[in-house]
Amino acid sequence: MSSLKTGRSKTAFKLLLTFLSGLTGGCVFWTLGLPLPWMLGCLTGSLIASLSGVPVGVTKPVRLIIMVILGVMLGGTFSPEVLARAGEWIPTLIAAVLYLAVLTFIAQFYCRKFMKMDRLTAIFAGFPGGLSEMTLLGEEAGADVPALTLAHACRVATILLAIPLFLTYWSGLEMVERESTAPLWSLLDIIILLIIASGGLFLGKIAKFPAYQLTGPLLLSAIVHTSGLVQGEPPEIVTVLLQLTLGSALGARFAGYSLGQVGKLMLLSVVMAFLMLAVTLLVSGILSYAFDLEFEALILALSPGGFAEMTLAALSMGIDPAFVTTHHALRLLVIVFIVPVFLTRIIKRNS
């Protein structure tokens with residue numbers, strides 16, 4: 001009994017150190033005005049702690065809770081407007097899927113050739129998805145989580161810094177702070193989301209979805225939000241806490257890595273981010289000419305950066321946010337639901 005209590009105390013202390021180190025990094029990033037402070041800052045804080053030998057890490061139940069909540073939150077990015085207006089942009093939506101395949105091929109080739117990743121890790125590192133969903137999907141598939149985490153974290157940070165600067169100085173678009181006018185979750189919304197979280201977890205397991213802890217709740221949440229049954233947005237504190245928990249958990253995975261190894265991976269990942277950005281600019285220019293669409297809107301819609309951040313940038317710059325959101329939503333569906341199916345078949349064939 002005493003050994004059990006000691007084990008629980010050590011686990012609790014480990015979790016406390018993980019979140020304290022992450023919170024410290026998040027506060028530093030927030031103070032300096034760096035992008036995604038509660039994700040990238042917390043990741044950096046716990047990463048430094050992990051490299052320093054501090055006993056950090058999270059348990060499987062915590063990771064499960066993170067995945068379920070993230071699935072529900074990602075499903076909330078869908079809306080009736082996305083469904084209603086998707087038909088207006090069928091040519092560019094088709095082109096976006098082809099662009100996704102080309103970009104992923106180029107990025108995974110770079111990861112294997114220059115970053116020396118194994119095939120599976122390189123494929124997941126090459127997908128231009130969000131940091132959170134890609135690392136969680138990669139972990140479920142058996143990819144190298146620390147390498148995957150650094151690749152996506154550096155890509156997201158680079159893109160979020162580079163694209164607003166490019167659009168501001170190249171196109172003369174001006175960033176303006178705008179507050180959301182959407183209502184916050186009501187008590188009924190919270191009850192519905194709790195039901196679909198547990199229901200999505202059960203459905204995903206029964207239907208054998210890839211990374212079912214994430215994709216099951218995501219699917220049900222997307223259906224509920226697209227139908228308009230839930231229209232509110234989560235309070236900012238919920239988003240911050242989720243990012244803090246996820247960022248801290250990811251950064252704690254670097255025990256055994258040296259500072260030199262991490263530095264080399266980060267440098268190569270930043271180079272990959274600029275390579276992906278160059279492809280994005282090229283494809284955006286081609287589609288803008290072919291379909292007579294706004295170049296800046298296409299950059300945000302195809303950007304291999306954050307879903308929410310690119311939508312907010314569109315709002316701030318007077319670009320149609322529905323156009324940007326719809327293209328990112330399609331990419332999310334393709335990456336989260338379709339790609340893992342093909343990957344599973346590839347893995348089984350190779351085995």
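It should be emphasised that the depicted structure is a prediction, and the values quoted were computed from it without experimental measurement.

### Details of the overall build of the protein
- Scanning the protein from terminus to terminus reveals 15 helices and zero strands.
- In the structure as shown, the protein presents an accessible area of about 17100 Å², 69% of it carried by carbon and sulfur atoms.

### Concerning the packing of helix α2 (residues 37-51) against helix α11 (residues 236-251)
- Contact pair α2 / α11: the axes reach a minimum separation of 7 Å and the direction vectors enclose 30 degrees. With respect to α11, the axis of α2 lies roughly parallel. By crossing handedness, the relation of α2 to α11 is classed as right-handed. On α11, the residues that touch W38, M39, C42, L43, S46, L47 and S50 of α2 are V240, Q243, L244, L246, G247, S248, L250 and G251.
- In the contact of α2 with α11, the residues fall into nine nonpolar, six polar and no charged.

### Let's talk about the nonpolar core
- In terms of nonpolar packing, the biggest core is built from 92 residues, with L40, M117, F124, L131, I163 and L300 touching the most fellow members.
- Setting aside residues up to four positions removed in sequence, L300 forms contacts with I163, L167, M310, A313, A314, I319, V324 and H328.
- Membership of the second largest hydrophobic core comes to eight residues, among which are V72, I192, I196 and V230.

### Some points on unusual backbone geometry
- With a phi angle near 55 degrees, K116 is a residue other than glycine that sits in the positive phi range.
- Mapped onto the secondary structure, K116 falls in the loop between α5 (90-113) and α6 (119-126).
- Positive phi is not limited to glycine here, since D292 has a value of about 55 degrees.
- Assignment of secondary structure puts D292 in the loop between α12 (259-291) and α13 (295-302).

### Focus on α13
- In terms of burial, α13 is a largely internal element, eight of the eight residues being buried.
- Residues F295, E296, A297, L298, I299, L300, A301 and L302 constitute the buried set of α13.

### Describing the side chain of R155
- If you trace the backbone, R155 turns up in helix α8 (residues 145-170).
- Aside from chain neighbours lying at most four places away, what touches R155 is F127, P128, G129, G130, A273, M276, P304 and G305.

### A short note on the side chain of S303
- Relative to the helices and strands, S303 is located in the loop between α13 and α14 (307-316).
- Using a relative accessible area of 0% as the deciding quantity, one classes S303 as buried.
- Look past the residues within four positions of S303 in its chain and what remains in contact with it is I159, I163, T280, M310, H328 and R331.

### Considering the pattern of salt bridges
- Under the definition given, this model contains five salt bridges.
- E81 is paired through a salt bridge with R85; the nearest N and O atoms lie 3.7 Å apart. Within this pair, E81 and its partner R85 are both found in helix α4 (residues 80-85), separated by four residues, close to a single helical turn.
- Among the salt bridges present, the one from R253 reaches E139, with a minimum N-O distance of 3.2 Å. Within this pair, whereas R253 is found in the loop between α11 and α12, its partner E139 is found in helix α7 (residues 131-141), the two being separated by 114 residues in sequence.
- Shared partners join several salt bridges into a network, and the residues in it are E81, R85, E88 and D320.

### Let's talk about the environment of G26
- Turning to its location among the elements, G26 is positioned in helix α1 (residues 2-32).
- Overall, the relative accessible area of 0% leaves G26 in the buried class.
- For the pair formed by G26 and S46, sequence separation is 20 residues and the distance between their alpha carbons is 9.8 Å.
- Those residues in contact with G26, other than ones at most four positions away along the chain, are P37, W38, G41 and C42.

### Digging into the packing of helix α3 (residues 60-75) against α11
- Put simply, α3 and α11 touch, their axes get as near as 11 Å, and they point 135 degrees apart. Relative to α11, α3 is oriented oblique. Where α3 crosses over α11, the handedness of that crossing is left-handed. Residue-level inspection shows V62, I66, I69, L70 and M73 of α3 in contact with α11, the latter providing V238, T239, L242, T245, L246 and A249.
- Grouping the constituent residues of the contact of α3 with α11 by class yields nine nonpolar, two polar and no charged.

### A short note on the confidence of the model for the protein
- Considering every residue of the protein, the mean pLDDT works out to 85; 90% of them sit at 70 or more.
- Element-level pLDDT for the protein is lowest in α14, with a mean of 69, against a maximum mean of 94 in α5.

Conventions we followed
Residues numbered from 1 in each chain as written. Predicted model: local features only at pLDDT ≥ 70, side-chain atom pairs only at ≥ 80, totals over all residues. Heavy atoms only, no water. Helix = DSSP H or I, 4+ residues; strand = E, 2+ residues; numbered from the N terminus. Areas by Shrake-Rupley, 256 points an atom, 1.4 Å probe, with all protein chains shown as cover. Axes fitted to C-alpha atoms, helices over the stretch in contact; angles between N-to-C directions. Parallel < 35°, antiparallel > 145°, perpendicular 65-115°, else oblique. Left-handed = near helix turned anticlockwise from the far one by under 90°. Contact = heavy atoms within 4.5 Å. Nonpolar A, V, L, I, M, F, W, Y, C, P; charged D, E, K, R; others polar. Core = buried A, V, L, I, M, F, W, Y, C linked by side-chain atoms within 4.5 Å. Buried < 20%, exposed > 50% of the residue type's maximum accessible area, 1.4 Å probe, protein only. Salt bridge = Lys/Arg side-chain N within 4 Å of Asp/Glu carboxyl O. pLDDT = per-residue confidence, 0-100.

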